[in-house]
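Each chain is listed here by its residues.
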Amino acid sequence: MTEKLFYRDPYLREAKAKITGVEVKGKRVRLTLDRTIFYPEGGGQPSDRGRIEGNGFAVRVEKVTGKDEVFHEGSLKGRTPEVGEEVRLLLDWEWRYENMRAHTGQHVLSAVIKGLQGAETTGFQIFPEYNKIEIDYPGELKWEDVLEIERKTNEVIWGDLPVEVEVYGELPDELKALLRKDVSSKVKPPIRIVRIGTVDVTPCGGTHVKSTGEIGFLKVIRVYRKSRKLLRIEFATGVRALKYLNGLLEDYWNALNKMPNKNRPLVERVEELKGEIEGLEAEKDSLRRELWEWKAKALLKDAEEIGGVRVVAHVESSPMKDAQAFSINFVDKNPETVVILAGQNYVILAKNRGVGLDMREVLREVLSRVGGGGGGSETLARGGGFKERPEKVLEVALGAIRERLGRASS
Ligand SMILES: [Zn+2]
């Protein structure tokens, strides 16, 4: 059983302890101590970080686990520590302090949400940059409700209320009635109760600041539905909240600076750009239609007439999607026409509805000569995956059409 100094004084950054157990795996070591200032991960609060220093060795503590017995894991520098040796414990205070701010902030936030919305907090997790809670709330939470929650939470924070921890072997009934949430059946005495002024009384085994003013401020970052019942709320406190907001501001100003018009707000600039893109798309579309008309005229000039049908054959440089759109438009607008477009590893065979040909049959014959696969309808067929160059595919397709049209007209 490790003596937990962080419960006696969560502001203890340094202490002396004796090694009670050593496990070594290469450059990794796992130590147990008679007492510790390192909080083991649990209750949504991540484990502490820091250093354990001895005579001739140092451990960079990266992971702390365990309940009764606390295990300190990390990389070892120097010789192997031995049981019974005295060591110095040094906490990564910035990390711990921000965790304490976040944890205490969560108590206030959860209490305010319960007061305003009547919703229970069912989950909590601290991350290096922000935190999240889950609340049992199937209803709709509007952004103005979120802002009201945030405002009330910060009022409690700025009111600088005392945060007191009481320890009980067994909870008195009148205290049980005050609790925001029941004590988990897994918790063995001593039971730790965290009381924040008249705002919140709740059982908790984490580390907390001694007054709400130390939280600094709390910012809700994002709210979204996690399941039908649960709503997730992301938030940040203290220095982490400031860093998070600065990250957003940096993103905002960088984005605005890239705009042709740099006057805020950004959303108006984005709307302008969207409008411009739509205009360009429409312009592109009309230019394409115009290009198609000219292209159709040029192709028809060189068309080969077989039995009253004008057959257009062309090696195409545009992508298949564009070529197909052109073919459909072309045969639709020009009666008694057939078009063959052979491009980079594709062929498109299209005909005007009035022409007595099945393009699938033509394609099948082409594929039997040049390989590959494809399919389509009577009026439009498409193939690809050939072993031959587009010029060759075109020649084969033209041959197949000549033969069929010639046969039909004779
Ligand atoms: Zn707590």
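Computed from a predicted structure; not experimentally measured. (Residues numbered from 1 in each chain as written. Predicted model: local features only at pLDDT ≥ 70, side-chain atom pairs only at ≥ 80, totals over all residues. Heavy atoms only, no water.)

### Things to note about the overall build of the protein
- Scanning the protein from terminus to terminus reveals nine helices and 21 strands.
- Against the compact-globule benchmark of 22 Å for 410 residues, the protein has a radius of gyration of 37 Å, which places it well outside the compact range.
- C-alpha extents for the protein along the principal axes are approximately 105 × 55 × 45 Å.
- A buried classification covers 44% of the 410 residues belonging to the protein.
- Once local pairs closer than 6 in sequence are excluded, the contacts in the protein between residues at least 24 apart make up 61%.
- In the form shown here, the protein has an accessible surface area of approximately 22,200 Å², with 51% of it arising from carbon and sulfur atoms.
- Charge separation in the protein, taken as the distance between the mean sites of 68 positive and 65 negative side-chain charges, equals 3 Å. (Helix = DSSP H or I, 4+ residues; strand = E, 2+ residues; numbered from the N terminus. Rg over C-alpha atoms; globule rule 2.2 N^0.38 Å. Buried < 20%, exposed > 50% of the residue type's maximum accessible area, 1.4 Å probe, protein only. Contact = heavy atoms within 4.5 Å. Areas by Shrake-Rupley, 256 points an atom, 1.4 Å probe, with all protein chains shown as cover. Lys, Arg positive; Asp, Glu negative; His and termini not counted. Charge placed at Lys NZ, Arg CZ, Asp CG, Glu CD.)

### Quick notes on the pairing of strand S5 (residues 50–54)
- Bridge count between S5 and strand S6 (residues 57–65): five bridges; the pairing is antiparallel. Counted as the bridge partner of glutamate 53 is alanine 58 from S6.
- In sequence, S5 turns back onto S6 through a hairpin of two residues, with glycine 56 there showing a positive phi of about 95°.
- By the bridge criterion, four bridges tie S5 to strand S8 (residues 86–91) in an arrangement that is antiparallel. Bridge pairing in S8 links arginine 51 to leucine 90. (Pairing = 2+ DSSP bridges.)

### Side note on the coordination of the zinc ion
- Those donors, His103 (NE2), His107 (NE2), Cys204 (SG) and His208 (NE2), are the protein atoms that reach the zinc ion, and they lie 2.0 to 2.2 Å from it.
- Its four donor atoms give the zinc ion angles of 93 to 121° at the centre, a pattern that matches the tetrahedral case.
- Spacing between the donor residues of the zinc ion along the chain follows H-x3-H-x96-C-x3-H. With histidine 103 in helix H2 (residues 93–117) and cysteine 204 in the loop between strand S13 (200–203) and strand S14 (218–225), this pair connects stretches of sequence that are 101 residues apart.
- Take cysteine 204: its relative accessible area is 15%, and that puts it in the buried class. (Donors = N, O, S within 2.8 Å, 3.2 Å for Na, K, Ca; no water. Tetrahedral: all angles 85-135°; square planar, octahedral: opposite > 155°, others 65-115°.)

### Some remarks on helix H3 (residues 143–158)
- Between its first and last C-alpha, H3 extends 22 Å over 16 residues, near the 22 Å set by a 1.5 Å rise per residue.
- The complete set of buried residues in H3 reads Val146, Ile149, Glu150, Thr153, Asn154, Val156 and Ile157. Buried residues of H3, seen end-on, are gathered within an arc of 155° and therefore sit on one face of the element. Turned more than 90 degrees off the buried face of H3, the exposed positions are Glu144 and Trp158.
- Of the surrounding secondary structure, the elements contacted by the buried residues of H3 are H2 and S14.
- Note on H3: the residue one or two positions beyond its end, aspartate 160, has a positive phi of about 50°. (Expected span 1.5 Å × (residues − 1). Arc of directions from axis to C-beta.)

### Here we look at the domain arrangement of the protein
- Here the domain parsing of the protein yields domain 1 (3–91), domain 2 (97–255), domain 3 (259–295) and domain 4 (302–409).
- Each of domain 1 and domain 2 has a C-alpha centre, and the two are 28 Å apart.
- Every contact between the two is made by ten residues of domain 1 and, on the other side, 16 residues of domain 2.
- Taken together, both faces of the contact between domain 1 and domain 2 bury some 1,100 Å²; the carbon and sulfur share is 49%.
- Inspection of the region where domain 1 meets domain 2 yields one salt bridge.
- Its salt-bridge partner being lysine 188, residue aspartate 68 comes within 3.7 Å of it at the nearest N-O pair.
- Here domain 1 is connected to domain 2 by seven residue pairs in polar contact (both at pLDDT 80 or more).
- Taken together, the residues of the side of domain 1 that touches domain 2 sort by class into six nonpolar, three polar and one charged. (Domains from an automatic or database assignment. Buried area = accessible area lost by both parts, 1.4 Å probe. Salt bridge = Lys/Arg side-chain N within 4 Å of Asp/Glu carboxyl O. Polar contact = N/O pair within 3.5 Å; in protein donor to acceptor, adjacent residues only side chain to side chain. Nonpolar A, V, L, I, M, F, W, Y, C, P; charged D, E, K, R; others polar.)

### Side note on the side chain of glutamine 324
- For glutamine 324, the position within the fold is in helix H7 (residues 320–333).
- Not counting chain neighbours up to four residues away, the residues in contact with glutamine 324 comprise Ile348, Leu380 and Arg382.

### Observations concerning the sheet that holds strand S12 (residues 191–196)
- Taken together, the three strands give an open sheet; going across it, the order is S11-S12-S13, and neighbouring strands pair in antiparallel fashion. Edge positions in the open sheet fall to strand S11 (163–168) and S13, since each of these has one partner strand only. Across this sheet, the average inter-strand angle for adjacent strands is 20°, counted without regard to direction.
- For S11 and S12, the ladder comprises six bridges, and the chain directions are antiparallel. Bridge assignment links valine 163 to a residue of S12, and that residue is isoleucine 196.
- Lying over the sheet, H2 contacts S11, S12 and S13, oriented at roughly 70° with respect to S12. (Axes fitted to C-alpha atoms, helices over the stretch in contact; angles between N-to-C directions.)

### Describing the pattern of salt bridges
- Evaluated as defined, the whole model comprises 35 salt bridges.
- One salt bridge connects arginine 51 with glutamate 53, and the closest N-O pair in it is separated by 3.0 Å.
- Taking the relative accessible area as the measure of exposure, glutamate 53 reaches 23% and is therefore partly exposed.
- Between glutamate 148 and arginine 151 there is a salt bridge, with its nearest N and O atoms 3.0 Å apart. Of this pair, glutamate 148 and arginine 151 both sit in helix H3, three residues apart, which is roughly one turn of the helix.
- Taken together, the salt bridges that share partners define one network made up of Glu14, Arg51, Glu53 and Arg88.

### Some remarks on the layout of surface pockets
- Approximately 1,300 Å³ is the volume found for the largest pocket.
- In this structure, the largest pocket is lined by 39 residues; those nearest its centre are Tyr7, Lys67, Val187, Cys204 and Gly205.
- Among the elements of the structure, helix H1 (5–8), H2, strand S9 (121–126), S12 and S13 are those that each provide at least two residues to the lining of the largest pocket.
- Sorting elements by how many residues they give to the lining of the largest pocket places S9 first, with four residues.
- Of the residues belonging to the lining of the largest pocket, the class tally is 14 nonpolar, 15 polar and ten charged.
- A domain-level breakdown of the lining of the largest pocket finds at least three residues from each of domain 1 (3–91) and domain 2 (97–255). (1 Å grid on protein atoms, 1.4 Å probe; cavity = no way out; pocket = protein on both sides within 12 Å on 5 of 7 lines; lining within 4 Å. Points joined across faces, edges and corners; volume = space filled by probe spheres on them.)

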